[in-house]
Amino acid sequence: MKIDAIFALTLFAFHYSGEVDNEYDRLMDNWTDVSYLRKYAKDNAIENINQFVKDRLNDAEQIQDVLEEITTNNQPLEFYFRTLFDTESGIKILSLQKGKIENNGIRVYAIKIDANCFVITGGAIKMSQAMQDHPDSNNELAKIKAAKEYLQENSIFDIDSFYELINELQ
């Protein structure tokens, strides 16, 4: 497993063993691939496939634009990421996060390492209210929990220990 820098030294993504790309690149490739989206819509019994594809393409572009704008303007990534569960609102270290834009049907999941430092663990097309209610988002919930456990096992507790881990993984 590796951790790749995505934008500046504030946003990173896990690059899981056996995968060609890191999670951010893998997700964006899928979410901007019309064939992938059409198959996903069919597999999930979406009635209006063309609208679904159009909406997800727009959602992916919006996420890319927002993240690029935030990092280019040196704004905190907390403008995009929110706590995944309300029970984690007071937790500072390694809290589970989701990227959320109003009326956007895609979620990017990350772990907050420290103020303005996040590592993406995966993402999903939002198909249900609760993550546990759809196989894809439930899988992402398992991935984010496993990623948090990995970081804890490697004694990650702030941005400095995180950067040390990244250097060791290179």
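Above this note sits the structure.
The rules behind each value
- Residues numbered from 1 in each chain as written.
- Predicted model: local features only at pLDDT ≥ 70, side-chain atom pairs only at ≥ 80, totals over all residues.
- Heavy atoms only, no water.
- Pairing = 2+ DSSP bridges.
- Helix = DSSP H or I, 4+ residues; strand = E, 2+ residues; numbered from the N terminus.
- Axes fitted to C-alpha atoms, helices over the stretch in contact; angles between N-to-C directions.
- Contact = heavy atoms within 4.5 Å.
- Salt bridge = Lys/Arg side-chain N within 4 Å of Asp/Glu carboxyl O.
- Parallel < 35°, antiparallel > 145°, perpendicular 65-115°, else oblique.
- Left-handed = near helix turned anticlockwise from the far one by under 90°.
- Buried < 20%, exposed > 50% of the residue type's maximum accessible area, 1.4 Å probe, protein only.
- Arc of directions from axis to C-beta.
- Polar contact = N/O pair within 3.5 Å; in protein donor to acceptor, adjacent residues only side chain to side chain.

Asks: Is there a simple way to think about the sheet that holds strand β6 (residues 117-125) in this case?
Replies: Remark on secondary structure: sheet strands pair via backbone hydrogen bonds, oriented parallel or antiparallel. Across the sheet, which stays open at both edges, the 6 strands sit in the order β1-β2-β6-β5-β4-β3 with mixed pairing between neighbours. A strand with exactly one partner marks an edge of an open sheet, and here the two such strands are β1 (2-7) and β3 (81-83). If you compare each strand with its neighbour and ignore which way they point, the axes differ by 40° on average. Alignment of strand β2 (residues 11-15) against β6, held across 3 bridges, turns out to be parallel. Bridge pairing in β6 places Ala13 opposite Ile120. Each of β1, β2, β5 (106-114) and β6 touches helix α1 (residues 23-31); the most contacted strand, β6, lies at about 30° to it.

Asks: Looking at this structure, how should I read the pattern of salt bridges?
Replies: When the charged atoms of two side chains with opposite charge come close together, those side chains can pair. Under the defined criterion, the tally for this structure stands at 6 salt bridges. Ionic pairing is found between Lys143 and Glu23, a salt bridge with its closest N-O pair at 2.7 Å. Of this pair, Lys143 sits in helix α4 (residues 135-153) while Glu23 sits in helix α1, placing them 120 residues apart in sequence. Lys143 is the partner of Glu140 in a salt bridge, and the nearest nitrogen-oxygen pair spans 3.3 Å. Of this pair, Glu140 and Lys143 both sit in helix α4, 3 residues apart, which is roughly one turn of that helix.

Asks: Got a minute to help me understand the packing of helix α2 (residues 34-43) against helix α3 (residues 49-72) in this structure?
Replies: For any two helices packed against each other, the geometry comes down to the angle between their axes and how far apart the axes lie. In contact at an axis separation of 9 Å, α2 and α3 are set at 130° when each is read in the N-to-C sense. Relative to α3, α2 is oriented oblique. The chirality of how α2 crosses α3 is right-handed. Side by side, α2 and α3 meet where Val34, Leu37, Arg38, Tyr40, Ala41 and Lys42 of the first sit next to Ile49, Asn50, Phe52, Val53, Arg56 and Leu57 of the second.

Asks: Would you mind going over α1 with me for this structure?
Replies: Owing to its 3.6 residues per turn, the α-helix aligns residues three or four sequence positions apart on the same side. For α1, the full list of buried residues reads Glu23, Tyr24, Leu27, Met28, Asn30 and Trp31. Seen from one end, α1 has its buried residues packed into an arc of 160°, which puts them on one side. Where α1 begins, the side chain of Asn22 points an oxygen toward the backbone nitrogen of Tyr24, at a separation of 3.0 Å.

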